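Results of the structural survey
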Protein chains: 2
Amino acid sequence: MSSPSRPTLADVASLAGVARSTASMVINGVEHARVAEDTRARVLAAVDQLGYRPNAAARGLRTQRTHLFGFVGDEIAASAYAGETITGAQDVAWAADHLLLIANTGRDPDVQRAAIDAMLDRQVDGLIIAAMSAREVDVEPLRLLSVPCVLLNCFGTQPLFPEIVPDDERGGFDAATLLLDAGHTRIAFINGSADKHAANARERGFLAAHAQRGLTHDPVLRAHGNWWPDGGYEHTQRLLALPDPPTAIFCANDRMAVGAYEALKELGLDVPGDVSVLGYDDMELAQHLRPALSTMALPHYEMGQWACRRLLLGAREHVRELLPCPPKLRDSIRTL
Amino acid sequence: MSSPSRPTLADVASLAGVARSTASMVINGVEHARVAEDTRARVLAAVDQLGYRPNAAARGLRTQRTHLFGFVGDEIAASAYAGETITGAQDVAWAADHLLLIANTGRDPDVQRAAIDAMLDRQVDGLIIAAMSAREVDVEPLRLLSVPCVLLNCFGTQPLFPEIVPDDERGGFDAATLLLDAGHTRIAFINGSADKHAANARERGFLAAHAQRGLTHDPVLRAHGNWWPDGGYEHTQRLLALPDPPTAIFCANDRMAVGAYEALKELGLDVPGDVSVLGYDDMELAQHLRPALSTMALPHYEMGQWACRRLLLGAREHVRELLPCPPKLRDSIRTL
DNA sequence: TCGATTCGCTGAATCGTTTCGGCAACCACC
DNA sequence: GGTGGTTGCCGAAACGATTCAGCGAATCGA
């Protein structure tokens, strides 16, 4: 029943009539090793004939490099994006002949600890700690880590590792600029809850863009929603009831933009005819809304790529890598 | 700079004053090994003191079991669900002290081959081959696989492995039943392209439910869309223009239901007041639509779980496991 | 007291690689 | 024919665990 087991280096060596060491050097193309041309050919032929492939576990044991990276995320499924992040990391890893080991922790610190341990037990060559919404992560337990480690979409409690995060401040800035360039002057900003880093950063950028043009943003046009459609809905109603209502609404995420759409529709207002709407995140949903929602895209795939690249570089020192959130211009913004 | 390297079994043994073999038996709680109580305690204390954790690579090399499963998917990011599937598999794996190695192939058969090889090189204990939309996968190259293997959301060209797929036929059946029970008799079915297994299965079930009640379904109420909103949009327009229009529309996926919503809105029709709509897939989108879309949920998470369980069981013989697609009842269906 | 058991532990082999010191053989040169 | 440098390959020692035959010592039964 069981297929003939995998050929080992010993099989190759004996078929080629050489020592294991010789076969090994040929197979790995060792630089300084000198081996006669026809010996090399014999080994290669044997490899071919047997369909030999090195046992990565054994190799890893010997070389102390497993070509494995660990990806520890707090939720893999929760956000659709997690998949993109993983794909980004995986693509880079694959190109560098590495594989990804994954685990999700469901935000449980104990599970996270255990997951990291499990990966270290497997001798991973590096570790990506990813959070699905930018937040602080306690890095103290990681301090003595012997392998490279990067933080993805989150911040360490201490500056120990590289951090790859979206440039939310610039995203807010670009969002406001985009709307201002389109001629809007009264722009509402339905932000998320102020306890989130992203919310504050986006607001800073948003205000900076106004300031840059010598504008001061009317505080009455700023609100803090709950990141969900009903938050967007309620604030939009309130904002549109203002004596001098906004001509554009910037929502700190697409979900709230969905709520804004609803409120606007109920008020008999047209998007973008009467009011322009700009979201943030670029969820898949955005392109299916009517009108298709313009939004600032979170660079999930790119963050995954970067994280993995940093690992390949083996870098460990702290640095904050801010990745841009490019605008996806669709049909929800009107130029005045 | 480099932290003191991980303690090995030898360190534990020497600290406890025993042989490596003894330490090993204690640590692994070997059944038939009898070791004195205080020796055991000494070893355990040493383990504790050193923070010893076994090197999984070395252990795997010796035991021929790595506690690693490979997950080879054609797209991890493309569908948001892939993440759920992986999570399902990962959760089961984790509970059984296994980790998941992942790779995505982007539908490229060569990459798939390479990915599978890469996993086998890593001595995985099992392999999950997953496709993001149910389709046929060439299993011939997997024939001589020496490890358990399951097909997830896809069918093998030959019956070699367990296959875990959604029960689309029953899903179609349940969908129709649900609508018929609600009193609808003229139910339109906007199906997807007929080249997809899922489309045909859903249609079979849909018709069977009618037949079961002695009803024959009016073919004019059946259409084949393109799985995208515009397909749903156009067919809905056509269907509602019929002399005897449907009172309910069953769309073979949520995206087309979005299109149906649009068309209905433009026609000034209310959902579910005038027309009920039922989708399929339960994308995240569904719950954000107005009214929230009722839909048949694809059991992504469960498929992931099942696949992993099968692997743990080590089963290899062919069997087709059909997982139910439970209805998610929200606000888009009206009872007549 | 003398085998026979049982107990508690050890040493060595093994898993499949890589790496490195060293050994023949060959050539070149004085 | 020494001396010295290359060349081409080999053997053995790791890497960090598990497993198993077996060995003294203690215990037991008669």
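Scope of this entry: the structure provided in the associated data block. Computed from a prediction, not measured in an experiment: that's the story for all the values here.

**Quick look at the sheet that holds strand S4 (residues 149-156) of chain B**
What the twelve strands build is an open sheet, ordered S11(A)-S5(A)-S4(A)-S3(A)-S1(A)-S2(A)-S2(B)-S1(B)-S3(B)-S4(B)-S5(B)-S11(B); its pairing is mixed. Among the strands making up the open sheet, the edge pair consists of strand S11 (319-323) of chain A together with strand S11 (319-323) of chain B. Between one strand axis and the next, the sheet turns through 25° on average, direction left out of account. Across five bridges, the pairing between strand S1 (residues 68-73) of chain A and strand S3 (residues 126-137) of chain A is parallel. In the sheet register, Phe69(A) faces S3(A), and the bridge partner there is Gly126(A). Seen against the sheet, helix H6 (residues 109-121) of chain B touches strand S2 (99-104) of chain A together with strand S1 (68-73), strand S2 (99-104) and strand S3 (126-137) of chain B and runs at an angle of roughly 175° to S1(B).

**Section: the protein's contact with DNA strand D**
Taken together, 26 residues surround DNA strand D, and among them Ser21(A), Thr8(B), Ser21(B), Ser24(B) and Asn55(B) come closest. When contributions to the surface near DNA strand D are tallied by element, the ones reaching two or more residues are helix H2 (20-28) and helix H4 (56-63) of chain A together with helix H2 (20-28) and helix H4 (56-63) of chain B. Ranked by the residues each element gives to the surface near DNA strand D, the list is headed by H2(B), at six residues. Residue composition of the surface near DNA strand D, by class: eleven nonpolar, nine polar and six charged.

**A word on helix H9 (residues 229-240) of chain A**
All names here are of chain A. The end-to-end C-alpha distance of H9 is 16 Å, a good match for the 16 Å that twelve residues give at a rise of 1.5 Å each. Along H9, the positions that sit buried rather than exposed are Pro229, Gly231, Gly232, Tyr233, His235, Thr236 and Leu239. Taken together, the buried residues of H9 touch strand S6 (187-191), strand S7 (222-224), strand S8 (248-251) and helix H10 (254-266).

**Points about the relation of the copies chain A and chain B**
Each copy superposes on the other: chain A lies on chain B with an RMSD of 0.1 Å after a rotation of 180° and an axial shift of 0.0 Å. On the angle and the small slide along the axis, the relation comes out as a two-fold axis. Taken as a fraction of all interface residues of chain A, those also at the interface in chain B reach 100%, which identifies the copy contact as same-surface.

**Details of the sheet that holds strand S7 (residues 222-224) of chain B**
Residues and elements named next belong to chain B. Pairing is mixed across the open sheet formed by six strands, whose spatial order is S7-S6-S8-S9-S10-S12. Pairing within the sheet leaves two strands with one partner each, and these edge strands are S7 and strand S12 (327-328). When strand S8 (residues 248-251) meets strand S9 (residues 276-281), the two strands line up parallel, connected through three bridges. Following the sheet pairing, alanine 248 is matched in S9 by serine 276. Set on the sheet, helix H8 (residues 197-212) makes contact with strand S6 (187-191), S8 and S9; between it and S6 the angle comes to about 165°.

**What about the protein's contact with DNA strand C?**
Looking at DNA strand C, there are 27 residues lining it, with Leu9(A), Ser21(A), Asn55(A), Ser21(B) and Thr39(B) nearest. For the surface near DNA strand C, the elements supplying multiple residues, two or more each, are helix H1 (9-16), H2 and H4 of chain A together with H2 and H4 of chain B. Of all the elements, H2(A) adds the most residues to the surface near DNA strand C, at six residues. Classifying every residue of the surface near DNA strand C by side-chain character gives twelve nonpolar, nine polar and six charged.

Conventions we followed
- Residues numbered from 1 in each chain as written.
- Chains lettered and ligands numbered in written order.
- Predicted model: local features only at pLDDT ≥ 70, side-chain atom pairs only at ≥ 80, totals over all residues.
- Pairing = 2+ DSSP bridges.
- Helix = DSSP H or I, 4+ residues; strand = E, 2+ residues; numbered from the N terminus.
- Axes fitted to C-alpha atoms, helices over the stretch in contact; angles between N-to-C directions.
- Contact = placed C-beta atoms within 7 Å.
- Near = placed C-beta within 6 Å.
- Nonpolar A, V, L, I, M, F, W, Y, C, P; charged D, E, K, R; others polar.
- Expected span 1.5 Å × (residues − 1).
- Buried ≥ 20, exposed ≤ 12 C-beta atoms within 10 Å, placed from the backbone.
- Least-squares fit on C-alpha atoms with pLDDT ≥ 70 in both.

Functional significance is not addressed by these values, which are geometric in nature.
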